[in-house]
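Descriptive structure summary
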Amino acid sequence: MPRTLDGQITMEKTPSYFVTREAPRRIHGMSPATKLIVVVRNPVTRAISDYAQMLSKTPGLPSFGTLAFRRGLGPVDTAWSAVRIGLYAQHLDNWLRYFPLSRFLFVSGERLVSDPAGELGHVQDFLGLKRVVTDKHFYFNATKGFPCLKKAQGSGRPRCLGKSKGRPHPRVPEAMVQRLRAFYRPFNRKFYQMTGQDFGWD
Ligand SMILES: Nc1ncnc2c1ncn2[C@@H]1O[C@H](COP(=O)(O)OS(=O)(=O)O)[C@@H](OP(=O)(O)O)[C@H]1O
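Residues numbered from 1 in each chain as written. Predicted model: local features only at pLDDT ≥ 70, side-chain atom pairs only at ≥ 80, totals over all residues. Heavy atoms only, no water.

An unreviewed UniProt entry annotates the chain as Sulfotransferase originating from Phocoena sinus. One UniProt comment on the chain, placed under Sequence similarities (unreviewed entry), says "Belongs to the sulfotransferase 1 family." (UniProt positions renumbered as here; feature names shortened; annotations may be inferred.)

Following this line, the structure appears as structure tokens:
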């Protein structure tokens, strides 16, 4: 990590930290005062999004259903990373052995799309920053189907996230979606209890 002067904040972003067993111990060892921001979205949509990303890198991958369910139709395969990552309560359990809940901010991935300024308001408050980023900074880009920045820093031109963000998802049969929803429900409920936040996925 780069050195941080007084008045500066160093940020590091890696999605896999949240699900990496050794990460909480190591990060706590580096600084127990670290603030932790976790963006979570409906684990079913998350799994499909993850699969879309895998498919973009490995065309010809087996179907979503083949990977998500053992023997194609059997129980949900929690060994598959796209499924396992969505077990947020289990991952959080591992972190809470090292950090109290007060060091976490959980950002709703859904609200980050529907109300980016609102979610970033919480982020700024959590970090003890003045609310500099507001709804004035965003517009909804109908082509992209997502909010984008009105002016990117340094260029003054609008800026959307890249092609790998906000990709179309492959169609997954509704029955599979429902089975996954039912599978995640108890884990989601536990996560709502642990965080004191209802993310509205059920
Ligand atoms: N403003 C805006 N523009 C585009 N995309 C947005 C935006 N806000 C949130 N998202 C959601 O971000 C999802 C991709 O983020 P990831 O966490 O998968 O990215 S990464 O793991 O850091 O590569 C991506 O997921 P997919 O839609 O499944 O591609 C988006 O839903």
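1. Focus on the site of the ligand
In the vicinity of the ligand there are 13 residues, among which Ser 49, Pro 147, Lys 165, Gly 166 and His 169 approach most closely. A distance of 3.1 Å separates an oxygen atom of the ligand from a polar atom in the backbone of Arg 167. Taking 650 Å² as the accessible area of the ligand by itself, protein coverage stands at 75%. Within the shell around the ligand, the residues separate by chemical class into five nonpolar, three polar and five charged. (Near = heavy atom within 4 Å. Polar contact = N/O pair within 3.5 Å; in protein donor to acceptor, adjacent residues only side chain to side chain. Areas by Shrake-Rupley, 256 points an atom, 1.4 Å probe, with all protein chains shown as cover. Nonpolar A, V, L, I, M, F, W, Y, C, P; charged D, E, K, R; others polar.)

2. Examining the UniProt feature "binding site: 3'-phosphoadenylyl sulfate" (unreviewed entry) in the chain
Feature annotation in UniProt places "binding site: 3'-phosphoadenylyl sulfate" (unreviewed entry) on Arg 41, Ser 49, Lys 165, Gly 166, Arg 167, Pro 168 and His 169, given in this structure's numbering. When you line up the elements, Arg 41 lands in the loop between strand S1 (36-40) and helix H2 (43-57). Not counting residues within four places of it along the chain, the set of residues in contact with Arg 41 comprises Arg 46, Ser 49, Tyr 88, Gly 109, Glu 110, His 169 and Trp 201. Separated by 3.4 Å, the side chains of Arg 41 and Ser 49 make a polar contact. With respect to the helices and strands, Gly 166 occurs in the loop between strand S4 (146-149) and helix H8 (174-195). (Helix = DSSP H or I, 4+ residues; strand = E, 2+ residues; numbered from the N terminus. Contact = heavy atoms within 4.5 Å.)

3. Re the state of the cysteines
Applying the stated criterion across every chain yields a total of one disulfide. Through a disulfide, Cys 148 is tied to Cys 160; the S-S separation comes to 2.0 Å. On the sign convention where negative is left-handed, the bridge of Cys 148 and Cys 160, at about 105° about the S-S bond, is right-handed. Of this pair, Cys 148 sits in strand S4 while Cys 160 sits in the loop between S4 and H8, placing them twelve residues apart in sequence. (Disulfide = S-S within 2.5 Å.)

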